[in-house]
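Below are the chains, spelled out letter by letter.
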Amino acid sequence: MLSLSILLVASILNEDLLTAKSNTNNDLPPTGLTYENYPALKDEYKDYFSFGIFGKGEIEGLLYNYASYTPGNEMKPENTQKEKGIFTFTSADNAMETYSDRNPDMLFYGHTLAWHSQTPTWMWDAPPARYDQPGVFDRETALENLNTHIENVLGYYGSHIEGIDVVNEAIGTSDPDDWKASLDKGEGWYMALGWEWVELAFLKAAEVVDSNGWDVKLIYNDFGLDSPEKARVVYEMVKDINERYADVRPNGKPLIEAIGMQGHYNLATNVQDVEENIKLFSTLPGVKVHVTEMDIALPPGELTPENENNQGMKYAELIQIYRNYASGPANTTGNSKVIETVKLAGVRDVRDGWKGGEFAMPYDYDGHAKKALLGILYPEEFLATHEYIETDPDEEQKQIDGVYVYDTSKGDAWSGANIILGNDTSYWPWSTTDEDGQVAFTPEKDATYRLSFNYTAKGTSSIRVRWIKDNSNGNYTSADGANVNKYQYSANDVAKHIPAYFNSGMVNMGSYTLTTEIKLDGSQPADGLIGNIAIRGGGGGNAFSINWIKVEKVGDNGDPDSLLVNWPEGVNSEDNIPSSVIKNGNGQAHIGFDIKSANGKGYTFSLSETGKNGSYKQYDNVNYKAKGVHIKGLTNNETYWGYISYTENDVVVAKSEPVQLKPTK
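Please read these numbers as outputs of a predicted model, since none were measured by experiment.

A. How the structure looks around the overall build of the chain. Summing up its helical and strand segments, the chain has 15 helices and 28 strands in all. With 665 residues in all, the chain has 54% of them scored as buried. A separation threshold of at least 6 residues defines the contact pool for the chain, and within that pool the share at least 24 residues apart is 68%. Just so you have it, the chain exposes about 28,500 Å², and 46% of that area is on carbon and sulfur atoms.

B. Molecular detail of the sheet that holds strand E8 (residues 339-344). The parallel closed barrel is built from eight strands, whose spatial order is E1-E2-E3-E4-E5-E6-E7-E8. For this sheet the average axis-to-axis angle between neighbouring strands, irrespective of direction, equals 30 degrees. Note that strand E4 (residues 163-168) and strand E5 (residues 217-222) share five bridges and pair parallel. Pairing of isoleucine 164 across the sheet is with leucine 218, part of E5.

C. Local environment of the side chain of asparagine 221. Counting through the fold element by element, asparagine 221 comes out in strand E5. Polar side-chain contacts of asparagine 221 include one of 2.9 Å to the side chain of asparagine 168. Sequence-distant contacts of asparagine 221, that is, excluding residues within four places in its chain, are made with His111, Asp165, Val167, Asn168, Glu169, Gly260, Met261, Gln262, Thr292 and Glu293.

D. Highlighting unusual backbone geometry. Between isoleucine 498 and the following residue, proline 499, the backbone shows a cis peptide bond with an omega angle of 10 degrees. Within the secondary structure, proline 499 is located in the loop between strand E14 (494-495) and strand E15 (500-504). Residue proline 568 follows tryptophan 567 across a cis peptide bond; omega there is 10 degrees. Its location among the elements puts proline 568 in the loop between strand E19 (561-567) and strand E20 (580-585). If you check the backbone angles, aspartate 132 has positive phi at about 60 degrees while not being a glycine.

E. Examining the pattern of salt bridges more closely. Scanning all chains against the criterion turns up 23 salt bridges. Salt-bridge contacts for lysine 46 lead to aspartate 47; the nearest nitrogen and oxygen are separated by 3.8 Å. Residue lysine 204 pairs with glutamate 151 through a salt bridge whose shortest N-O separation is 2.9 Å. Of this pair, lysine 204 sits in helix H9 (residues 197-212) while glutamate 151 is found in helix H6 (residues 139-157), placing the two residues 53 residues apart along the sequence. Residue classification places lysine 204 among the buried residues on the basis of a relative accessible area of 9%.

F. Local environment of H6. Taking 1.5 Å per residue as the helical rise, H6 with its 19 residues ought to reach 27 Å, and the 27 Å between its terminal C-alpha atoms agrees with that figure. Considered for burial, the residues of H6 that qualify are Thr141, Ala142, Asn145, Leu146, Asn147, His149, Ile150, Val153, Leu154 and Tyr157. Among the structural elements, helix H4 (77-80), helix H5 (90-102), strand E3 (107-114), E4, helix H8 (188-193) and H9 are those in contact with the buried residues of H6. Capping of H6 at its N-terminal end is provided by aspartate 138; its side-chain oxygen lies 3.4 Å from the backbone amide nitrogen of glutamate 140.

G. Local environment of the pairing of E5. Counted residue by residue, E5 has six buried out of six residues, so it is predominantly covered. Burial along E5 is two-sided: Lys217, Ile219 and Asn221 and Leu218, Tyr220 and Asp222, pointing in opposite directions, are all buried. Note: E5 against strand E6 (residues 258-266), four bridges, orientation parallel. Within the sheet, the bridge partner assigned to asparagine 221 lies in E6 and is glycine 260. The parallel pair E5 and E6, bridged by helix H10 (residues 228-244), forms a crossover whose chirality is right-handed.

H. Expanded view of empty space enclosed by the protein. Evaluated as defined, the whole model comprises two cavities of 30 Å³ or more. Approximately 60 Å³ is the volume attributed to the largest cavity. In terms of lining residues, the largest cavity is bounded by Leu421, Phe441, Tyr449, Leu451, Trp467, Ile498, Thr516, Ile518, Leu520, Ile533 and Val551. Those elements that place two or more of their residues in the lining of the largest cavity are strand E11 (447-457) and strand E16 (511-520).

I. Summary view of the packing of aromatic side chains. Applying the stated rule across the entire model yields 23 aromatic pairs. A ring pair is formed by tyrosine 489 and phenylalanine 502, whose centres lie 5.7 Å apart and whose planes are at 35 degrees; its orientation type is tilted. Taken together, the residues span a long stretch of sequence, with tyrosine 489 in strand E13 (residues 488-490) and phenylalanine 502 in strand E15 at a distance of 13 residues. Each member of the pair tyrosine 489 and phenylalanine 502 is classed as buried.

J. Geometry of the environment of isoleucine 321. Inspection of the secondary structure assignment puts isoleucine 321 in helix H12 (residues 305-324). Judged by its relative accessible area of 8%, isoleucine 321 is buried. Sequence separation of isoleucine 321 and isoleucine 278 is 43 residues, and the distance between their C-alpha atoms is 9.1 Å. Look past the residues within four positions of isoleucine 321 in its chain and what remains in contact with it is Val271, Glu275 and Ile278.

K. Main features of the sheet that holds E13. Across the sheet, six strands lie side by side as E9-E10-E17-E12-E15-E13; this open sheet has mixed pairing. Each edge of the open sheet is held by one strand with a lone partner, namely strand E9 (403-406) and E13. Put simply, the sheet's adjacent strands are angled 20 degrees from each other on average, direction ignored. Pairing geometry for E13 and E15, over three bridges, is parallel. Of the residues in E15, the one forming a bridge with serine 490 is serine 504.

L. Fine view of the confidence of the model for the chain. Residues with a pLDDT of 70 or more make up 86% of the chain, whose mean pLDDT is 86. Considering only residues more than four positions removed or in separate chains, one finds that residues 1-13, a stretch of pLDDT under 50, has zero contacts. Scored below 50 in pLDDT, residues 15-19 makes six contacts in the model with residues more than four places away or belonging to other chains.

M. Seen up close, the packing of H6 against H9. Following both chains from N to C, one finds H6 and H9 inclined at 35 degrees, their axes separated by 9 Å at the closest point. The handedness of the crossing between H6 and H9 is right-handed. Packed against H6, whose contacting residues are Arg139, Leu143, Leu146, Asn147, Ile150, Glu151, Leu154 and Gly155, the element H9 presents Trp197, Leu200, Ala201, Lys204, Ala205, Val208 and Val209 at the interface.

N. Broad picture of the nonpolar core. Counting residues in hydrophobic clusters, the biggest one holds 109 residues, and the most contacted among them are Phe51, Val167, Phe281, Tyr322 and Ile339. In terms of residues, this core owes the most to one element, H9, which gives nine residues. Counting 36 residues, the second-largest nonpolar core is a separate cluster that includes Ala447, Tyr455, Met506 and Ile533.

Cut-off values and rules
Residues numbered from 1 in each chain as written. Predicted model: local features only at pLDDT ≥ 70, side-chain atom pairs only at ≥ 80, totals over all residues. Heavy atoms only, no water. Helix = DSSP H or I, 4+ residues; strand = E, 2+ residues; numbered from the N terminus. Buried < 20%, exposed > 50% of the residue type's maximum accessible area, 1.4 Å probe, protein only. Contact = heavy atoms within 4.5 Å. Areas by Shrake-Rupley, 256 points an atom, 1.4 Å probe, with all protein chains shown as cover. Pairing = 2+ DSSP bridges. Axes fitted to C-alpha atoms, helices over the stretch in contact; angles between N-to-C directions. Polar contact = N/O pair within 3.5 Å; in protein donor to acceptor, adjacent residues only side chain to side chain. Salt bridge = Lys/Arg side-chain N within 4 Å of Asp/Glu carboxyl O. Expected span 1.5 Å × (residues − 1). Right-handed = clockwise from strand over helix to strand, strands pointing away. 1 Å grid on protein atoms, 1.4 Å probe; cavity = no way out; pocket = protein on both sides within 12 Å on 5 of 7 lines; lining within 4 Å. Points joined across faces, edges and corners; volume = space filled by probe spheres on them. Phe/Tyr/Trp six-rings, centres within 6.5 Å; stacked < 30°, edge-to-face > 60°. pLDDT = per-residue confidence, 0-100. Left-handed = near helix turned anticlockwise from the far one by under 90°. Core = buried A, V, L, I, M, F, W, Y, C linked by side-chain atoms within 4.5 Å.

If you want it as structure tokens, here you go:
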């Protein structure tokens, strides 16, 4: 009887494996098996496009499934030429050798030659002056640095790679009618070389490739190309550059040969927009499409059956579109054949690192297949046998002026927060606000501010505090991008810089309060280390939830701190002190309000002699009475501004609006 049971179990398991290996109808194989029990992605799609990986992954599953490898960080400028003139290729070499030793047929791509992030700022001659450079974004110096870097890195790897991301993420705010105006003007390369920097990089890369007779695809790579507006900008840029340099390369090759569509998607991604943008790019003569860095992130916390199903649906929809525009002979749709390669951004789900805790890959933490794998392998069959499952919407968060908090676990596209610091550039030159015009607060020059926030790690256990230009998810200031890894802290430290990188002392599913104190002295240039405040996951992670945010103005000379931002509760408007000027007298004034305590305990009066937006100082020549505060010692016919604040536990919890005072005889 025991032997019969064993035989039955073995028979069932064997049947599952055979079904997983060879699916010929709508009866999909089971999930939950390891990679070797399914067709290899590279084999399943070899007649459509090359199926590869961007970045690292579990090595056995990587070698089994992927035909190409693109290093995630090892070839970026900060790793290949951190110090001027000293080129280091060891990291990328080691990664490539690891895979080529096991699979001699593995193909390789490069990423990236010119980018605003993870690039030493001396390359575009940003201040301070270094390496005998002027340090003023000098055009001649920056161009020489750009050319030298491309000559050396591409010259070293050119004979070993299929293609390379020459320029990465050059677009800022999209204006479909003007691609040049859409370039991120805060990027260091733009600040030194102007809008021409993109084509200058491609011209040098083409020179290196063509002079050596290499067949290396020159690629422009960017995120957010599911957006019709941004896709149109990239289309116009590539079209214009290729037309102006149509005769530069041999055999009619375009200067920009491929557009890399980063596939950082989620359940809200509109696949119809993705398809329409692929169609748009397909009209560019000689230009191919590479789907790069693909992942479909889910809300962190728990992998629910509903989300797993819906992720499989999204993968299936996208892969079906890619098959319909594939460059290989298996595409018999009659559509343009433009997609040459699709690259996933990993192998299995990870708890830490890129998309940590967001269940973005086709295999789970332990390497067992999810429905996502079935959606990739069998898109038609999956879509025929599955449909989206609706989930209950989360309760909408309370809105606080100028504070924007996002959370993937609540259905947002990303996790983090933006705190808007002003909308009046005549008062605070770096002020920039969203379309709604709301601000959290406007900083005072030379004041010190304390930012504290509490978050729960749901896979992302490192956090960055950054400078950003607006209420976006990527438009960081140029100086921020250059210094993003410079100042590193543990969870218990009080950071003294922005950008601040909290990358130790935190573990998954823990909740932590992180604190940053900075003095805003007004000395930074408009695209320097200044802007709006952004809270982001380290390494691009979105698997975390922000629980609360506070911003306080730190009191000087023993003055109490002032609470400026308190999300989500808000600085309770009911506790604000209503006030009105009752009388201006001879050298004095009286502001009327109902005080909460005898003898004015807890109240402070602050006075400005330099206007409503001037510098306020505590003024002590006052008497508090049952119906207000009596201010003495003022000069007749002079104009003052003053406000009352109320303090509990050394924190200002209520304050009045400033009112004008003008004593007369």
